[in-house]
Amino acid sequence: MSRKNSKNFSKLKQFCNSLFTSIVFPVGLFVAITFWGIFFFDRELIFPKAVDHLIPIWQNHLVHTLPLVAPILENFTTKHYYSDSFFTGVVPTLFLASCYIIWILIVAHVGGIWAYPVLEVLSTTNRAIFFGVLLLFLGLLYQMGKLTNLVLWPNEWAQSKRIKSKLKKKFN
């Protein structure tokens, strides 16, 4: 592989790694946990029985269970590198979630329909609190991904910390 191709491949790996750590893992777990949590609490608030004939059960599981299973399996097979800074790592997660919340609010305002029935039964204040709690939960899931990675790949993590420590000593 030429030097230029190697550099481009390295950038692609970095991008894919950042995409996984900041978006795929936390958002995938978020989708599954919040959907199934609300579903088991009161399914009418998230997936009314009236839509059962439109979306078969296998498709519902594909959309709401696979996002939990796939990132966890990938964590077992692939070492991911998380940002040293929580803020830097979680910003893309929260940015994407905020854009989605804004889109939900726009659709509700313009179209007069809530994407999720649970939002319809909440007051404006409770809806804002609900969104805030969900954003905090997403941040927690980002940290959980980082911790999971650390537990699954402890030698890799310790080695990278040793290398960083040596570089700091050498250049300071």
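Data block above holds the structure.
Now for a look at the structure at hand. (Residues numbered from 1 in each chain as written. Predicted model: local features only at pLDDT ≥ 70, side-chain atom pairs only at ≥ 80, totals over all residues. Heavy atoms only, no water.)

**As for the overall build of the protein**
Each helix and strand counted, the protein has seven helices and zero strands in total. When the elements of the protein are put in sequence order from the N terminus, they spell out α-α-α-α-α-α-α. Counting over 172 residues, the protein shows a buried share of 27%. Restricting to contacts in the protein with at least 6 residues of sequence separation, those with at least 24 account for 79%. Accessible area for the protein stands at about 11,800 Å²; split by element, carbon and sulfur atoms hold 70% of it. (Helix = DSSP H or I, 4+ residues; strand = E, 2+ residues; numbered from the N terminus. Buried < 20%, exposed > 50% of the residue type's maximum accessible area, 1.4 Å probe, protein only. Contact = heavy atoms within 4.5 Å. Areas by Shrake-Rupley, 256 points an atom, 1.4 Å probe, with all protein chains shown as cover.)

**Side note on the nonpolar core**
Of all hydrophobic cores here, the largest spans 15 residues; its most connected members are Phe35, Trp36, Phe39, Ile46, Phe47, Trp114 and Leu119. At the level of secondary structure, the elements contributing two or more residues to this core comprise α1 (3-42), α4 (86-111) and α5 (117-121). It is α1 that provides the largest number of residues to this core, a total of five residues. With sequence-adjacent residues up to four places away left out, Leu119 is seen in contact with Ile104, Trp114, Arg127, Phe130 and Phe131. With eleven residues, the next largest nonpolar core counts Phe25, Ala97, Leu134 and Tyr142 among its residues. (Core = buried A, V, L, I, M, F, W, Y, C linked by side-chain atoms within 4.5 Å.)

**Details of the pattern of salt bridges**
Within the structure shown, the criterion is met by one salt bridge. When the shortest N-O distance is used, the salt bridge between Asp52 and Arg43 registers 2.6 Å. We classify Asp52 as partly exposed; its relative accessible area is 35%. The class for Arg43 is buried, based on a relative accessible area of 18%. (Salt bridge = Lys/Arg side-chain N within 4 Å of Asp/Glu carboxyl O.)

**Details of the packing of α4 against helix α6 (residues 124-152)**
Packing of α4 against α6 leaves a shortest axis separation of 10 Å and a crossing angle of 145°. Our pair here, α4 against α6, has a crossing hand that is right-handed. When α4 is examined against α6, the residues Phe86, Gly89, Val90, Thr93, Leu94, Ala97, Ser98, Ile101 and Leu105 are found in contact with a partner set consisting of Phe131, Leu135, Leu138, Gly139, Tyr142 and Gln143. Taken together, the residues of the contact of α4 with α6 break down into ten nonpolar, five polar and no charged. (Axes fitted to C-alpha atoms, helices over the stretch in contact; angles between N-to-C directions. Left-handed = near helix turned anticlockwise from the far one by under 90°. Nonpolar A, V, L, I, M, F, W, Y, C, P; charged D, E, K, R; others polar.)

**Some details on the environment of Phe87**
You can see Phe87 is positioned in helix α4. The class of Phe87 is exposed, set by a relative accessible area of 61%. The spacing of Phe87 and Gly139 is 52 residues in sequence and 9.5 Å in space, taken between C-alpha atoms.

**Brief notes about the side chain of His64**
Position of His64 relative to the elements: it lies in helix α2 (residues 57-64). Of the residues examined, His64 reaches a relative accessible area of 16% and is grouped as buried. With near-sequence residues (within four places) excluded, His64 lies in contact with Val31, Ala32, Phe35 and Trp36.

**Some details on α4**
Taking 1.5 Å of rise per residue, the 26 residues of α4 would be expected to cover 38 Å, and the 37 Å separating its terminal C-alpha atoms lies within 8% of that figure. Along its length, α4 shows its largest kink, about 25°, at Pro92. Among the residues making up α4, those that are buried are Gly89, Val90, Thr93, Ala97, Ile101, Ile104 and Ala108. Of the residues trailing α4, Gly112 is marked for its positive phi of about 75°. (Expected span 1.5 Å × (residues − 1). Bend = angle between axes of the 7 residues up to and from the residue.)

**Description of the packing of aromatic side chains**
Applying the stated criterion across every chain yields a total of eleven aromatic pairs. Between Phe39 and Phe40, the aromatic rings sit 5.6 Å apart at their centres with planes inclined by 90°, giving edge-to-face as the arrangement. Taken together, the aromatic side chains of Phe35, Trp36, Phe39, Phe40 and Phe47 make up a single cluster linked through ring pairs. Here Lys79 stacks its cationic end above the ring of Tyr81, 4.8 Å away from the centre of that ring. (Phe/Tyr/Trp six-rings, centres within 6.5 Å; stacked < 30°, edge-to-face > 60°. Lys NZ or Arg CZ within 6 Å of the ring centre and 35° of its normal.)

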